[in-house]
Amino acid sequence: MKVVLENLTKRFPNRNKKIKEDVIAVNKFSFEIPDGKLIGLLGPSGCGKSTTLNMISGLEKPTEGKIFFGDDDVTTVPAEHRGVGLVFQNYALYPHLTVRQNILFPLQNLKGKDKLTKEQMDEKADEAAKLVQIFELMDRKPSELSGGQQQRVAIARALVKMPKILLLDEPLSNLDARLRLQTREELKRIQTKTGITTIFVTHDQEEAMSICDLIVVMKDGLLQQIGKPQDVYDDPKNLFVAKFLGTPAINTFDGEIKDGVLFIGEDAVLKMDGVTDQKVHVGIRPEGFIPDENGPFKCDLKAYEVMGRDSSIISSHDGMTSTQIRAIISSDIHVNTDGGKVSFALKPHKVHIFSKETEERIYLG
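Worth saying up front: this structure is predicted, and the values here are computed from it rather than measured.

## Let's talk about the overall build of the protein chain
Move 1: Looking only at helices and strands, the protein chain features eight helices and 21 strands.
Move 2: Per-residue burial for the protein chain yields a buried fraction of 49% across its 365 residues.
Move 3: Long-range pairs, those at least 24 residues apart, make up 66% of the contacts in the protein chain with a sequence separation of at least 6.
Move 4: Working note: accessible area of the protein chain is about 18400 Å², and carbon and sulfur atoms make up 48% of it.

Given below as structure tokens:
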């Protein structure tokens, strides 16, 4: 099921009585979610991603704009009639019910032509449990399950009605690191197998980039960029997107374009043909550095960390605006750590420049 949002806006009354202006949680949000895809709504806390999800589900009413499921306008359709499955951060399981009873609960509330027999409900519950691999736990209570198992029950309960849209609101944030990794892989497997259009809200960019077909990056209720995860990482449209995506984070500097050359401090680090002379923000991905004793970018070495396959060179430079410079290189590359200095050449496609005024990306040529 395709989902289309048109100029979606949500305002809330300001809690500060002295301020008359409303708080705008989502501002003129427009994009299309293709049928059968897994989409990540990504951004820092307070960016409006959960509010957007709640409007799609029907839990919140938009102040302005429209929501379409396929060709149907569902903007004013009540949540219970939208055919969505919703998985919350805190699982929201009924503690006094067994796993089977929790999964059956949405089916038991069906009425009229949608009402099912007991045999049909049991069959659907079994199918959902097998899909999320908890069939052997059907007679247990939630208190007898691990956090990961409880999350699977919540997902099975959302899937049992085979919803048109599956909505996931930070479903992995209560799990430890290892369980998060396992469960996000399961989410991708389940979504691929069912083909249900899925919208996944998270502040964790690693989660979103690892399992989503498309990511939607938000800030302060505004859409920043939409695209395939790797495309957004390689081609950020502005400084916020560049800084938000990537682990380790992008290294940032104050720079200046002079006569077609990019300067960071006194170092002429890269040719920038076709860009007018101006002061700029510079972002260099950690993998964009090449250790080179004759390289143009000269830094003060702070630490050298070997991490198995890769190594980190931690350094500093007068032009940096991040707290440190972290370069990621192969452990096979020898780095001379004598003398407390390190020099780099730069990979041009890993260097991004942004307007000093607008923080929008400046493209070469």
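## As for a negative patch on the surface
Move 1: Together, Glu6, Asp71, Asp72 and Asp73 line one region of the surface with negative charge.
Move 2: For aspartate 73, the location among the structural elements is in strand β5 (residues 72–73).
Move 3: On the accessibility criterion, aspartate 73 (36% relative accessible area) is partly exposed.

## Concerning the nonpolar core
Move 1: Ile103, Ile134, Leu159, Phe200, Ile215 and Leu245 are the most contacted members of the largest nonpolar core, which has 46 residues in total.
Move 2: For isoleucine 103, the residues in contact, after removing those within four places along its chain, are Ala125, Ala128, Ala129, Ile134, Met138, Val153, Ala156, Arg157 and Val160.

## Some words on the pairing of strand β12 (residues 261–264)
Move 1: Bridging between strand β11 (residues 251–258) and β12 involves three bridges; their strand directions are antiparallel. Looking at β12, one finds that lysine 258 is bridged to valine 261.
Move 2: The turn joining β11 and β12, which pair antiparallel and follow one another in sequence, is formed by two residues; a positive phi near 55° is taken by aspartate 259.
Move 3: Summarising the sheet, β12 and strand β13 (residues 267–271) pair through four bridges and their orientation is antiparallel. By the bridge assignment for β13, leucine 262 is matched with leucine 270.
Move 4: The antiparallel hairpin formed by β12 and β13 contains two residues in its connecting segment, where glycine 265 sits at a positive phi of about 60°.

## Focus on the side chain of serine 315
Move 1: The topology assignment puts serine 315 in strand β17 (residues 310–316).
Move 2: Look past the residues within four positions of serine 315 in its chain and what remains in contact with it is Cys299, Asp300, Leu301, Lys302, Met320, Gln324, Ile325, Val342 and Phe344.

## Here we look at helix α3 (residues 118–131)
Move 1: Along its 14 residues, α3 runs 20 Å from first to last C-alpha, staying within 8% of the 20 Å computed at 1.5 Å per residue.
Move 2: Tucked inside the fold, the buried residues of α3 contact α2 (99–108), α4 (147–159) and α5 (177–194).
Move 3: Remark: glutamine 133 follows α3 within two positions and exhibits a positive phi of approximately 60°.

## What about α2?
Move 1: Residues Val99, Asn102, Ile103, Leu104, Pro106 and Leu107 constitute the buried set of α2.
Move 2: Where α2 is buried, its residues meet α3 and α4.

## Brief notes about the sheet that holds strand β2 (residues 23–33)
Move 1: The sheet built from four strands is open, its strands ordered β2-β1-β4-β5 with antiparallel pairing. In this open sheet, the two edge strands, each paired with only one partner strand, are β2 and β5.
Move 2: When strand β4 (residues 64–69) meets β5, the two strands line up antiparallel, connected through two bridges. Paired with phenylalanine 69 across the two strands is aspartate 72, which belongs to β5.

Conventions adopted
- Residues numbered from 1 in each chain as written.
- Predicted model: local features only at pLDDT ≥ 70, side-chain atom pairs only at ≥ 80, totals over all residues.
- Heavy atoms only, no water.
- Helix = DSSP H or I, 4+ residues; strand = E, 2+ residues; numbered from the N terminus.
- Buried < 20%, exposed > 50% of the residue type's maximum accessible area, 1.4 Å probe, protein only.
- Contact = heavy atoms within 4.5 Å.
- Areas by Shrake-Rupley, 256 points an atom, 1.4 Å probe, with all protein chains shown as cover.
- Patch = residues over 30% accessible without salt bridge, like charges linked within 9 Å, V, L, I, M, F, W, Y side chains within 5 Å.
- Salt bridge = Lys/Arg side-chain N within 4 Å of Asp/Glu carboxyl O.
- Lys, Arg positive; Asp, Glu negative; His and termini not counted.
- Charge placed at Lys NZ, Arg CZ, Asp CG, Glu CD.
- Core = buried A, V, L, I, M, F, W, Y, C linked by side-chain atoms within 4.5 Å.
- Pairing = 2+ DSSP bridges.
- Expected span 1.5 Å × (residues − 1).

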